[in-house]
Every structure is written in C-alpha cells, then in structure tokens.
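Listed below are the residues making up each chain.
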Amino acid sequence: MKPGKTTIPAVKVRVLPLTWQPYLTPVDVNNATPAQRAAMQVTPSSTQVSPYVRTLAHDPDSYVARTTLFNAIMYSEGGLGRAERELGALVASAVNGCAYCASVHARRYEALSARNDVISAIYTRGLDAPFDEKTQALVDFCRALSQTPVAVEPHHVTALRQQGFNDGDIIDLMHSAAIFGWANRLMHTLGHPQRR
C-alpha cells in the first residue's frame, strides 16, 4: 500500500457483463466470403463468433493479423500468469475509458485470481485505490504505459522486479497492456457498450 493511503472497508463489487453494439452492420456468417469465413475461425480464445469479430471480419486480413497477435499475448503458455495479463488489460482499459473491455477483463481476472478485493477497489476507488505491493506495482506500470509509453520510468520496472516479476514477465505485462491501447480504440471507434 502506498504511504498516506488508508484502507477502506471491503465492499464486494459484482461487475456486470456488457454487450457491444457495433455502428457497422457485422458480416453475416451465412453470406460471408471464403476469406471472411476463414478469418472468423481465428477467434479470441477460440470462442463464439461475436458481433465484434463479425465487424472486424469486414477486413479479414487485418482481423487475422490482429487476432493472431492478441491470442499470442493473452493466451500463450508460460511466462506471466493469465490473471496478471488480465489485470494488465483491465488497467489499460480503465485508463482508455473502455467500459466493455474493462468489464470483460475484470471478470476474467477475478475468475482466475479469486481477487474480488482488487476489482472492488478499482470499481469503487479507481486506479488510485490502495493495493497490496505486488498489485500496486502492476497497476502503476500498466497505468503509466497506457497514459503515454514514455511515462514508464525505471522505478516502475524496479517495483515490478522487487515483487518477483522477471524480465520475461515484465515484457508479457507490457504486451498485455499495450495490445489494449489498440483493442480499446477499435472498440470505441466501431461501436459502443451497453447493458444487457
């Protein structure tokens, strides 16, 4: 916890799932071109073909390049744990104001880590909330990177190393936050979140 910050009583927050409403008409799977159909086989985490995927499939080559990179960053074996990657995505999405991505990755982080305390702190106090030292180092690094990459300073990396992150972990964390600089902007320009 940072000096001068006080602990607040635990409040359990349940992050509600949101839907994403595209501004463009998504590709109709039944009328998709062979290239679009092939592209939609490369989905994030191999899940259903969402309206977001079908919107990005208007440009199948770009979609495949983006999703192959996304999957390699968020779902690769080894290196930084999945929970920490999800928290990096959540922090970046909070900085970038992407409510949809924040909702998705908050729920994934909580499912992987069982850390509702972190989610509750972010949703009730924001990124200035008091966190344990390991979480604080991660939040500070991803926050600085997401605000502007040159804001990351040596002390951010030192804090991560002091909490047990090795260089490979730090690179994985950087990638998870950085990919959401891209993902959040795609979500913002192509549609908007709404409650289910």
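Whatever comes next refers back to the structure up there.
Here is what the cut-offs are and how they apply
- Residues numbered from 1 in each chain as written.
- Predicted model: local features only at pLDDT ≥ 70, side-chain atom pairs only at ≥ 80, totals over all residues.
- Heavy atoms only, no water.
- Salt bridge = Lys/Arg side-chain N within 4 Å of Asp/Glu carboxyl O.
- Helix = DSSP H or I, 4+ residues; strand = E, 2+ residues; numbered from the N terminus.
- Buried < 20%, exposed > 50% of the residue type's maximum accessible area, 1.4 Å probe, protein only.
- Axes fitted to C-alpha atoms, helices over the stretch in contact; angles between N-to-C directions.
- Parallel < 35°, antiparallel > 145°, perpendicular 65-115°, else oblique.
- Left-handed = near helix turned anticlockwise from the far one by under 90°.
- Contact = heavy atoms within 4.5 Å.
- Core = buried A, V, L, I, M, F, W, Y, C linked by side-chain atoms within 4.5 Å.
- Polar contact = N/O pair within 3.5 Å; in protein donor to acceptor, adjacent residues only side chain to side chain.
- Phe/Tyr/Trp six-rings, centres within 6.5 Å; stacked < 30°, edge-to-face > 60°.
- Lys NZ or Arg CZ within 6 Å of the ring centre and 35° of its normal.

1. Overview of the pattern of salt bridges
- Under the counting rule described, the total for this entry stands at 6 salt bridges.
- Across the pair Asp128 and Arg143 runs a salt bridge, and its minimum N-O distance is 2.8 Å. Here Asp128, found in the loop between α6 (116–125) and α7 (133–147), pairs with Arg143, found in helix α7; they are 15 residues apart in sequence, far enough to count as distant.
- According to the relative accessible area criterion, Asp128 is partly exposed, its value standing at 48%.
- We classify Arg143 as partly exposed; its relative accessible area is 23%.
- Arg161 serves as the salt-bridge partner of Asp167, at 2.8 Å between the closest nitrogen and oxygen.
- Owing to a relative accessible area of 44%, Asp167 belongs among the partly exposed residues under this scheme.
- One continuous salt-bridge network, built from bridges that share partners, spans Arg115, Asp117 and Asp132.

2. Regarding the packing of helix α4 (residues 82–96) against helix α9 (residues 167–190)
- The N-to-C vectors of α4 and α9 enclose an angle of 45°; their axes lie 8 Å apart at closest approach. In this view, α4 runs oblique relative to α9, as classed from their interaxial angle. Both α4 and α9 take part in a crossing whose hand is right-handed. Side by side, α4 and α9 meet where Glu84, Arg85, Gly88, Ala89, Ala92, Ser93 and Asn96 of the first sit next to Asp172, Leu173, Ser176, Ala177, Phe180, Gly181, Asn184, Arg185 and His188 of the second.

3. Quick word on the nonpolar core
- With 53 residues, the main nonpolar core has Leu87, Phe141, Leu160 and Phe180 as its most contacted residues.
- A per-element tally of this core places α9 first, with 9 residues.
- Not counting the four nearest positions on each side in its chain, Phe180 is found in contact with Phe70, Met74, Ala89, Ala92, Ser93, Asn96, Cys101 and His105.

4. Focus: the environment of Asp132
- As for its placement among the helices and strands, Asp132 is situated in the loop between α6 and α7.
- As a C-alpha pair, Asp132 and Val118 span 14 residues in sequence and 8.9 Å in three-dimensional space.
- Within the structure, Asp132 has its side chain in polar contact with the side chain of Thr135 (distance 2.8 Å).

5. What to know about the packing of aromatic side chains
- Tallied over the entire structure, the rule returns 3 aromatic pairs.
- Taking the centre distance of 5.1 Å and the plane angle of 80° together, the rings of Trp20 and Tyr52 count as edge-to-face. Separated by 32 residues along the polypeptide, Trp20 in strand β1 (residues 18–22) and Tyr52 in helix α2 (residues 51–56) bring together distant segments of the chain. The same class applies to Trp20 and to Tyr52, which are both buried.
- Aromatic ring contacts, followed pair by pair, group Phe70, Tyr75 and Phe180 into a single cluster.
- Over the ring of Phe70 we find Arg66; its NZ or CZ atom is 4.7 Å from the centre of that ring.
- Over the face of the ring belonging to Phe165 we find Lys134, whose NZ or CZ atom lies 5.4 Å from the ring centre.

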